[in-house]
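What follows is each chain in one-letter form.
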Amino acid sequence: MKIENIKVPGKLSKKEEDLRESFLRQLEVVPNSEKIKTCIQCGTCTGSCPVSYAMDISPRELIALFRAGDLETILNSKTIWVCASCYACQTRCPALIKITDIIYALKRLAMEKEIYPPNFPVHSLSESFVKIMNQFGRLHEARLLVYYFLKTNPAKLFSFMPLGLRMAKKKRIGYTASKIKDLENFKKIIKKAELSDMPREVIEKAYLEKTVGYSAVEKDTVLESKK
Amino acid sequence: MDYTYYPGCSLESAHSSYSDSVKKVFNHLDCNLIELEDWNCCGATAYMSVKETVGFAISARNLALAEKHKRDLVAPCSSCYTILAKTNRYLKELPEFHQTINECLKEANLTYNLSVNIRHPLDVLMNDIGIEKIKQKAKHNLNGLKIANYYGCQIVRPERGFDDREEPMLMDDLFEALGGVNIYFPFKVKCCGGMLMTTYEDVAIKLSKEIIASAVENRADCIVTTCPLCQMNLEAYQDVINKEYKTNYNMPILFFTQIMGLAFGFNNKELGIDKLLIDSEKFSDLVIK
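Residues numbered from 1 in each chain as written. Chains lettered and ligands numbered in written order. Predicted model: local features only at pLDDT ≥ 70, side-chain atom pairs only at ≥ 80, totals over all residues.

**Let's talk about the overall build of chain B**
Under the convention used in this document: We count a stretch as a helix when DSSP gives it H or I for four or more residues in a row; a strand needs E for two or more, and each element gets its number in order from the N terminus. Counting other C-beta atoms within 10 Å of a residue's C-beta gives its exposure: the residue is buried at 20 or more, exposed at 12 or fewer, and partly exposed in between, where C-beta atoms are placed from the backbone. Residues are scored as being in contact if the C-beta atoms we place from backbone atoms lie within 7 Å.
Helix and strand counts for chain B come out as 15 helices and eight strands. For chain B, with 289 residues in total, the buried portion stands at 61%. By sequence separation, contacts in chain B at least 24 residues apart represent 77% of the contacts at least 6 residues apart.

Here's what the structure looks like:
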């Protein structure tokens, strides 16, 4: 992380404002998400994280960057995609910040805004998963791997062959997808849920904006570099 | 006692052995597992990371279906367990969100009134059935089998559930009672890498390697787990780990119900131990001398 890339609080670009609003909306569904303001930058999260060594921004830095007004850097980082969602940080955080759930919110935001770091196709896996689920109501593991590798790296499918064969020998591969019976109603639930907005806890949102200190920012402030 | 059973997708295919052994163990202890009619995939972490409301809505469909039966819902897969429990918790904590989800469920003439308890088999076995009954029902002693109890992430985190989040002990207590020896195993709640095995293989390989290395160093005969994904990562990728780190690991990775089943006198085939990729024959000989 280059220090000059951290934008100064109080000067938010239009994009940053837009991201921030969407992020706060994503956070609304996380109970007690306002705790993000209580971070004391102790680094327990980073120390507990088994994959922080592979991240470009550590979990501690992630919170600091959010508070410093640079969501864009966070969204472009490898960090949110390398998180294995093991919840070690969240259970140990002395300030009770829901770090893992916040990273989920960031993932959804990145997908919503279509900001992906290059060569990190984690979202492809999730999207393949969703596609199968919508079709069958249950997950078909073999299909998931095929969809995923076709999307990202078809050559990788071949390197899976030896393991696939070993699994097949032990009768551990399901060749046909299991389907739920009431697929029609299942799809109706999905359709309706897609339309439903997240509950907007307006008070919490306003509170969040105030406590992280950006409510005072003038709406039309433009970064020096973007002028 | 009767429970509603939620097998989950993974236990239908690659890990049918887990499902088989859970059922065998429960039946042996005079408990019935009644499969939830027309359950759907819980959505796992993948769905929630794309579309949260939809993820919760489809997960809640299972809860709504289960509610009719007024029994606790037992989910052996760690991921299903944690997602169903998370859905339950969120709907309880966010009344507005509960309302939104119920509106979605209404489309399928369902409604969920927050009354289902989500249980993991380990919790049920230790807290409902109890260690005394398990001991009584055991036919064999585990004869000092050296076990690395691997709980993984999802049954102990994020909220404090039925066991400690940093130092869970239920499996340790269980196998000690059955005559096993619990080795020192500081990696009992460390992450195996989970789905990173498909997306960032090098990272997941490293995490899994550390877990196996710790078990090997402490001379475990096997690693015992509660999670299908942990089982898969630790077992199926040992070849890759051996190649990458020039090691020579050959560690059996079993589900906790498989070891219990052996103590109860079931055979390899009944418990799906023959479906393991590593030395299953040799292994059961080791347990039952």
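**Observations regarding the confidence of the model for chain B**
Residue and element names in this part refer to chain B. The condition that has to hold: The pLDDT value tells you how sure the predictor is about a given residue, anywhere from 0 up to 100.
Mean pLDDT over chain B: 92, with 99% of residues reaching 70 or higher. Mean pLDDT across the secondary structure elements of chain B bottoms out at helix α15 (residues 280-287), with 71, and peaks at strand β3 (residues 73-74), with 97. Across the interfaces of the predicted complex, the ipTM metric reaches 0.86, alongside a pTM of 0.85.

**Structural notes on the sheet that holds strand β7 (residues 222-225) of chain B**
Two modes of strand pairing occur in sheets, parallel and antiparallel, and in both the strands are linked by backbone hydrogen bonds. Residues and elements named next belong to chain B. Put simply, the test is: At least two DSSP bridges between two strands are required for those strands to pair.
In space, the four strands of this open sheet follow the order β6-β5-β7-β8, with parallel pairing throughout. Two strands bound the open sheet, and with one partner strand each, they are β6 (181-182) and β8 (253-255). Sheet topology note: the β7/β8 ladder contains three bridges and is parallel. Pairing of Val224 across the sheet is with Leu254, part of β8.

**Some details on the sheet that holds β3 of chain B**
Residue and element names in this part refer to chain B. If you trace the four strands from one edge of the open sheet to the other, you get β2-β1-β3-β4, paired in parallel fashion. On the outer flanks of this sheet lie β2 (32-35) and β4 (118-119), each paired with one strand and no other. Bridge count for strand β1 (residues 2-5) against β3 is two bridges, and the pairing is parallel. Looking at the pairing, Tyr5 lines up with Val74 of β3.

**Considerations on the interface of chain A and chain B**
We apply this condition: Each residue receives one of three labels: charged for Asp, Glu, Lys and Arg, nonpolar for Ala, Val, Leu, Ile, Met, Phe, Trp, Tyr, Cys and Pro, and polar for the others, Gly being one of them.
Contact with chain A, which involves 54 residues of that partner, is made by 52 residues of chain B. For the side of chain A that touches chain B, the secondary structure elements donating two or more residues are α6 (88-92), α7 (99-112), α8 (122-136), α9 (141-152), α11 (161-169) and α12 (183-195) of chain A. The biggest single contributor to the side of chain A that touches chain B is α12 of chain A, with eight residues. Within the side of chain A that touches chain B, the residues separate by chemical class into 30 nonpolar, ten polar and 14 charged.

**Quick notes on the domain arrangement of chain B**
All names here are of chain B. Filter applied, for reference: For the domain bounds, the source is a domain assignment made automatically or taken from a database.
Structurally, chain B comprises domain 1 (2-119) and domain 2 (130-287). Between the C-alpha centres of domain 1 and domain 2 there is a distance of 24 Å. Taken together, the contacts link 20 residues of domain 1 with 24 residues of domain 2. Looking at the side of domain 1 that touches domain 2 element by element, the count peaks at nine residues for helix α1 (residues 16-28). Among the residues forming the side of domain 1 that touches domain 2, the class breakdown is eight nonpolar, nine polar and three charged.

**Description of the pairing of β2 of chain B**
Residue and element names in this part refer to chain B. Selection rule: Seen with its strands pointing away from the viewer, a crossover is right-handed when the path leading from the first strand over the helix to the second is clockwise.
When β1 meets β2, the two strands line up parallel, connected through four bridges. Across the sheet, residue Tyr3 finds its bridge partner in β2, namely Leu33. Handedness of the crossover joining β1 and β2 through α1 is recorded here as right-handed.

**What about the domain arrangement of chain A?**
Partitioning chain A into domains gives domain 1 (3-119) and domain 2 (122-195). With centres defined by C-alpha atoms, the gap from domain 1 of chain A to domain 2 of chain A works out at 29 Å.

**Topic: the environment of Ile147 of chain B**
Residues and elements named next belong to chain B. Residue position: Ile147 is located in strand β5 (residues 146-150). In this structure the C-alpha to C-alpha distance between Ile147 and Met169, which are 22 residues apart in sequence, comes to 13 Å. Ignoring sequence-local partners within four residues, the contact set of Ile147 consists of Phe175, Gly180, Val181, Asn182, Ile183, Ala220, Asp221, Cys222 and Val224.

**Considering unusual backbone geometry**
All names here are of chain B. That bond from Arg157 to Pro158 is cis: its omega, 0 degrees, falls within 30 degrees of zero. Although it is not a glycine, Asp30 sits at a positive phi angle of roughly 60 degrees. Here Asp30 shows up in the loop between α1 and β2. Of note in this structure, Leu114 is not a glycine but carries a positive phi near 65 degrees. Tracing the chain through its elements places Leu114 in the loop between α5 (95-106) and β4.

**Let's talk about helix α10 (residues 201-217) of chain B**
Residue and element names in this part refer to chain B. Operational definition: By this rule the span expected of a helix is its residue count minus one, scaled by 1.5 Å.
The terminal C-alpha atoms of α10 lie 24 Å apart, and with 17 residues this matches the ideal 24 Å at 1.5 Å per residue to within 8%. Turning to α10, its buried residues number three or more, namely Ala204, Ile205, Leu207, Ser208, Lys209, Ile211, Ile212, Ser214 and Ala215. Residues of α10 that are buried sit in contact with β5, α9 (196-199), β7, α11 (228-236) and α12 (238-245). Looking one or two residues past α10, Arg219 carries a phi angle of roughly 60 degrees, positive in sign.

**A word on the environment of Thr152 of chain A**
With respect to the helices and strands, the residue Thr152 of chain A is situated in helix α9. The exposure class assigned to Thr152 of chain A is partly exposed, which follows from the 18 C-beta atoms found within 10 Å.

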